[in-house]
Amino acid sequence: MCHVPSSPFAEAEPGCAVQWVRRFFYNPVGALALFFFLSGYFTPWYTPARKLLLRSLGLFIPYVVWNTVFIVGVHDELTVSRIYGIGADGLCADYPLWFVRDLIVMTLMLALLGRGVWVLTVISFIFAAAGLCWPTFPGGWILLPTPSNVFFFAFGASLGRVSRNTMARAMCWVGGVGCVFGVLSIADLRVSGNPLLALIPGCIPMACALPVARVAERYRGWVGLLGRSSFLCYCVHAGALIVIGWGVKCVYPPLLEADIVYAVLPVVIYALCCMGFLFMQRYTPVLLPILAHERCGKLR
């Protein structure tokens, strides 16, 4: 939903309700903070370094493959910076995959630091709260995630030994505070002008953690399919927006100006990705680790 307006699909300014939803989820310390926090929490500091290195490699392979596919598909510049996303702008060819690049870097940092990840948590919090950035590399190349992203990942990894039920309840309480600042942010009251306060909306989606966990337990099969195909969806949705937008523009251009596309299109793309995942799982399982960051086993 957040990437629809920035794609060729949408040609008109979205309505007020859509803009509010986008501002709620597109806050750089909103939903992204939750993703980094959970990624760190499920990659705790006591994970063996060898396993962390293998996990980084498992992310790196589809990351490079999909960026290369996008370079060929959109006739982008075939350079190291566009494939790996480490140029001066920090963007890769398949631009949403900057999140995967940051995960790879932070997983390697966790393998290097181990128990000392709490030091990284404190340092990154100080940088993020003060609105500071990491030192740049020669040529202005961006190699490290932002301090706020590092903080949420490292903080999650530091809490790896906390039970999931305890964590879910704590996230609900913290999420309540985040919702207050989130509402003010939606109202455009400039609460996030203070770098320290800007970290608080990162707890907004955490209020949903406990209810979502209970639903996931009840519908384990469907949730398992959605979860295992999410990486594939994340990799292809930018390209899918381009292709579908081009097709709709040729067949029925007025649809490009309808607000309904912001709600329907993400569901359609996710459904197609689930179908693609199931197809690969049944007929071409060897492609799963290459394209979907998934082992070749069967869906339970």
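Coordinates for the structure precede this section.
These numbers were taken from a predicted model, which means no experiment stands behind them.

Novice: Mind laying out helix α3 (residues 49–73), listing which residues take part and the relevant values?
Specialist: Its 25 residues give α3 an end-to-end C-alpha distance of 36 Å, which sits within 8% of 36 Å, the value for a rise of 1.5 Å per residue. Among the residues of α3, those classed as buried are L52, S56, L59, P62, Y63, V64, W66, N67, F70 and I71.

Novice: Please set out the packing of α3 against helix α5 (residues 98–113) residue by residue, giving values where relevant.
Specialist: Helix-helix packing is described using two parameters, namely the angle between the two axes and the distance between the axes. Between α3 and α5, the shortest axis-to-axis distance is 9 Å and the interhelical angle comes to 165 degrees. By the angle between their axes, α3 is roughly antiparallel relative to α5. Along this stretch, α3 crosses α5, giving a crossing that reads as left-handed. Across the interface between the two elements, A49, L52, L53, S56, L59, F60 and Y63 from α3 touch V100, R101, L103, I104, T107, L108, L110 and A111 from α5. Residues of the contact of α3 with α5, tallied by class, amount to twelve nonpolar, two polar and one charged.

Novice: Mind laying out α5, listing which residues take part and the relevant values?
Specialist: Here α5 spans 22 Å end to end across 16 residues, near enough to the 22 Å set by a 1.5 Å rise per residue. Along α5, the positions that sit buried rather than exposed are F99, V100, R101, D102, L103, I104, V105, M106, T107 and L110. After α5 finishes, the residue G114 shows a positive phi value of roughly 60 degrees.

Novice: Report on the environment of L132, specifying residues and quantitative values.
Specialist: Mapped onto the elements, L132 comes out in the loop between α6 (117–129) and α7 (147–158). The class for L132 is partly exposed, based on a relative accessible area of 44%. In the structure, L132 is positioned 15 residues away from P147 in sequence and 7.7 Å away in space, judged by C-alpha atoms. If near-sequence neighbours (up to four positions away) are discounted, L132 is found in contact with F127 and P147.

Calculation criteria
Residues numbered from 1 in each chain as written. Predicted model: local features only at pLDDT ≥ 70, side-chain atom pairs only at ≥ 80, totals over all residues. Heavy atoms only, no water. Helix = DSSP H or I, 4+ residues; strand = E, 2+ residues; numbered from the N terminus. Expected span 1.5 Å × (residues − 1). Buried < 20%, exposed > 50% of the residue type's maximum accessible area, 1.4 Å probe, protein only. Axes fitted to C-alpha atoms, helices over the stretch in contact; angles between N-to-C directions. Parallel < 35°, antiparallel > 145°, perpendicular 65-115°, else oblique. Left-handed = near helix turned anticlockwise from the far one by under 90°. Contact = heavy atoms within 4.5 Å. Nonpolar A, V, L, I, M, F, W, Y, C, P; charged D, E, K, R; others polar.

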